[in-house]
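Summary of structural features
For reference, the chains in residue letters:
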Amino acid sequence: MNFNNVTMEISAVSKKQYPNKDIFEVALCGRSNVGKSSFINTILNRRNFARTSGTPGKTATINFYNIDNKCRIVDLPGYGYAKVSNAERDKWGKMIDEYLATRGVDCVFQLVDLRHAPSKDDIIMFNWMRSKGYRQIVVMTKLDKVKKSLVQDSIRRVIMDLQLESNAIIVPFSAVTKEGREAVVAILEEGVQS
Ligand SMILES: Nc1nc2c(ncn2[C@@H]2O[C@H](COP(=O)(O)OP(=O)(O)O)[C@@H](O)[C@H]2O)c(=O)[nH]1
Ligand SMILES: [Mg+2]
């Protein structure tokens, strides 16, 4: 797969705008500010292709990134941002639900911040993924911000809190050092070939 051949196909606000589901597709789920845009930029080897933000909670669209017409990474709205209105939060929730319920996505990556315990919303999100039988893939972001000696503790905590299966894939990841990128690329390549 040529990771230099990437496009942002559409910033969708409704199902009608989704591209045809014709290639392998991965959805990114995670709290606002967890590092989803940074994750995409790292995977795509771009600086600010997916816009990152110091002020979280702005993205109320579903963004479809196409890699070499072989794979899509889909950035879902980040949940759990306290400073948005309830109405706004409901709207985002509905957008996420509509996508997940109708898309038949091939793979879901749950992103959690390595520094913090999974939130209630993370657990709800993850339980949905479990109930649908998806392969359990958890990307733990902001690895560079945690002392090496504490990383194993964080991993153990996420295994406990999300009750991960023994065959779950956990990828400690950093958009700064690019650690974890190769593991993610391998998952994408495998998905595309299957
Ligand atoms: N140190 C560090 N900061 C990160 C990392 N990933 C994201 N960030 C920062 O966290 C903030 C939110 O990131 P963003 O990608 O916009 O999160 P999103 O809301 O989930 O899309 C930004 O200030 C990023 O620079 C990482 O791996 N390491
Ligand atoms: Mg973002």
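One structure accompanies this document, and this report is about it. (Residues numbered from 1 in each chain as written. Chains lettered and ligands numbered in written order. Predicted model: local features only at pLDDT ≥ 70, side-chain atom pairs only at ≥ 80, totals over all residues.)

Quick notes on the sheet that holds strand 2 (residues 24-30)
In a beta sheet, neighbouring strands are held together by backbone hydrogen bonds and run either parallel or antiparallel to one another. Pairing in this open sheet of 7 strands is mixed, and the strands run 1-3-4-2-5-6-7 from one edge to the other. Bordering the open sheet on either side are strand 1 (6-12) and strand 7 (169-172), each of which pairs with just one other strand. With strand direction ignored, the average angle separating the axes of adjacent strands in the sheet is 20°. Taken strand by strand, helix 4 (residues 148-161) contacts strand 5 (107-113), strand 6 (137-141) and strand 7, and its axis lies near 140° from that of strand 6. (Pairing = 2+ DSSP bridges. Helix = DSSP H or I, 4+ residues; strand = E, 2+ residues; numbered from the N terminus. Axes fitted to C-alpha atoms, helices over the stretch in contact; angles between N-to-C directions. Contact = placed C-beta atoms within 7 Å.)

Quick word on the site of ligand 1
What surrounds ligand 1 is a group of 20 residues, the closest being Gly35, Lys36, Ser37, Ser38 and Thr52. The element that contributes the greatest number of residues to the shell around ligand 1 is helix 1 (residues 36-43), accounting for 3 residues. Taken together, the residues of the shell around ligand 1 break down into 4 nonpolar, 12 polar and 4 charged. (Near = placed C-beta within 6 Å. Nonpolar A, V, L, I, M, F, W, Y, C, P; charged D, E, K, R; others polar.)

Re helix 1
Along an α-helix, residues three or four apart share an orientation, since each turn contains 3.6 residues. Counting buried positions over the 8 residues of helix 1 gives 7, a clear majority of the element. Within helix 1, the full set of buried residues consists of Lys36, Ser37, Ser38, Phe39, Ile40, Thr42 and Ile43. The elements touched by buried residues of helix 1 are strand 2, strand 3 (62-67), strand 4 (71-75), strand 5, strand 6 and helix 5 (181-193). Positive phi shows up at Asn45, right after helix 1, with a value of about 55°. (Buried ≥ 20, exposed ≤ 12 C-beta atoms within 10 Å, placed from the backbone.)

Topic: the pairing of strand 4
Burial runs high along strand 4: 5 of the 5 residues are buried. Burial of the side chains of strand 4 extends over both faces: Cys71, Ile73 and Asp75 are buried on one face and Arg72 and Val74 on the other. Bridge count for strand 2 against strand 4 is 5 bridges, and the pairing is parallel. Within strand 4, the position partnered with Phe24 by the bridge is Cys71. Sheet topology note: the strand 3/strand 4 ladder contains 5 bridges and is antiparallel. Within strand 4, the residue paired with Phe64 across the bridge is Val74.

Some thoughts on the nonpolar core
Core analysis: the largest hydrophobic core is formed by 38 residues, its most contacted members being Leu28, Phe39, Ile73, Leu111, Val139 and Met140. Taken together, the elements giving at least two residues each to this core come down to strand 2, helix 1, strand 3, strand 4, strand 5, helix 3 (120-131), strand 6 and helix 5. If you tally residues by element for this core, the top one is strand 2, at 5 residues. What Ile73 contacts, discounting residues up to four positions off in sequence, is Val26, Leu28, Ile40, Ile43, Tyr65 and Ile67. (Core = buried A, V, L, I, M, F, W, Y, C linked by C-beta atoms within 7 Å.)

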